[in-house]
Amino acid sequence: MVNQNFSRGAQWLPFTPNRSFQKDPRVFVAADGMFFTTQDGRKVLDGISSLWCVGAGHNRWEINEAIKQQLDTLDYATAFQASNDKAFEAAERIAALAPGDLNKVLFCNSGSEAADTALKVALAYHRARGEGHRTVFIGRERAYHGVGFGGMSVGGIPANRKAFGPALLPRVDHLRFIHDPVDHAYYNGVEPEWDEDLLLELENRILPLHDPSNIAAVIVEPVAGSAGWYVPPRGYLKRLREICDKHGILLIFDEVITGFGRLGTAFGADYYGVVPDMLTFAKCVTNGVIPLGGVICRDKLYDAVMDAHRDSPEHAIEFFHGYTYSGHPVACAAAIATLDVLRNDKLFERAAQMGRVLGDAMHSELKGLPHVIGVRTLGLAGAVELASLPGLAGKRAYDIFMDCFHQGVLVRSAGDSLVLAPAYIVEPTQIDQMVSVLGASIRKHA
Ligand SMILES: Cc1ncc(COP(=O)(O)O)c(C=O)c1O
């Protein structure tokens, strides 16, 4: 039953201009497949799989059924000093999907918690090996790793630095951003080929500045998602892996967006053929229905931390970290069902296939429109970037986002980029619809 009788006074909306929202609210009351129903009874095509989460499309009965059964069987059980069958099964399934010896899963509830957890594992690992001085973290400009203090610190979002800068972690540095607006403003399904070696800066400036022996980890998103879908230069991640290996630095991939199929492979690590030391995930793992996140660690991390405790009493906790809802049985049941749906319906393959349709449509329809200064597509996601209005960064894209919503398509604005990242079940006609509504709106706002 949909409740139409509520007031909007009590909720402070996250990452939303609240004043603007209250003037022109967007309230969903139902969803199925690729579409939402709004409070006023309109259908809206979900062009961003609801914040990159709903890979298999909305309202999958298989996942709903698994959740209902789990609620009737084991609703919740303490996560500390005990666990539950679904958490072990989900961990096993996720580890089996992950490449290399990424075999140990630490559960949490969100991408933010996953980022902070990974940073803490890095510190614990180095300390366990007698290298507790390795405390410097390297992130990248414009990276988004959530809203925790660790994630904000290694992230490179200027608004976070403006609002919370003084409270961020002190020993953090950042790689240069991976965008070239002149030679590589447009790319479709390929990794841009740069003449310049972006990672020379890491080798020649950042490592000598901090001394490599002090650096705990480098964390990057394989593709920069929240900033507006920026793809690294060809070979960048392989070379980053080599540099980290050379200096004993851990490499963390934040796969909150690229995990579970967005690039047409299970993980970005598979797409790029690079195995990180830790891989964080959160979106798509439960198809968005229930919060679940985690960090998949290579065996050597777990082994080192256990080994450091070989002489401790058996009741001692080896890694002092966890969340009340780590490995929640209902979330883990949803994850197992989601992984079944993704596998049975061959949705990674479908994401790759529909990604080509999306890339071609965005490039043929949006390149050349007024104020368009870039179109970037890879996997089943793409962004069109617009020149900012003088002194009003982000306004042009925000106005277009609002207009598209009124025209029945949910897109996402990120700065002055507009992002499409539909569910993997998307049909070519729906891609046409979202791209043509977006194109018409860009024209309207010329
Ligand atoms: C790469 C990345 N890391 C972390 C996060 C934070 O995830 P959450 O909002 O679940 O805390 C996000 C969210 O979009 C993300 O894109």
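Above this text sits the structure in question.
Residues numbered from 1 in each chain as written. Predicted model: local features only at pLDDT ≥ 70, side-chain atom pairs only at ≥ 80, totals over all residues. Heavy atoms only, no water.

## A few points about unusual backbone geometry
For Asp211, which is not glycine, the phi torsion reads 70° and is therefore positive. In this structure, Asp211 sits in the loop between helix 8 (200-210) and strand 8 (215-220). In this structure Asp211 comes out as partly exposed when scored by relative accessible area, which is 36%. Positive phi is not limited to glycine here, since Cys284 has a value of about 70°. Given the relative accessible area of 2%, Cys284 is considered buried. (Helix = DSSP H or I, 4+ residues; strand = E, 2+ residues; numbered from the N terminus. Buried < 20%, exposed > 50% of the residue type's maximum accessible area, 1.4 Å probe, protein only.)

## Notes on the sheet that holds strand 12 (residues 372-377)
Strands belonging to one sheet form pairs held by backbone hydrogen bonds; the direction of such a pair is parallel or antiparallel. One open sheet holds the five strands; their spatial order is 7-12-13-16-15, and the pairing between them is mixed. Of all the strands in the sheet, just strand 7 (186-188) and strand 15 (412-414) have a single pairing partner and so form its edges. Strand-to-strand twist across the sheet, computed as the mean angle between neighbouring axes with direction ignored, equals 25°. With three bridges connecting them, strand 7 and strand 12 associate as parallel partners. Each residue of the ladder has a partner; that of Tyr187, found in strand 12, is Arg376. Its contacts with the sheet place helix 13 (residues 347-366) against strand 7, strand 12, strand 13 (382-386) and strand 16 (417-420), and it is angled at close to 170° to strand 12. This element, helix 15 (residues 428-444), spans strand 12, strand 13 and strand 16 of the sheet and lies at about 165° to strand 16. (Pairing = 2+ DSSP bridges. Axes fitted to C-alpha atoms, helices over the stretch in contact; angles between N-to-C directions. Contact = heavy atoms within 4.5 Å.)

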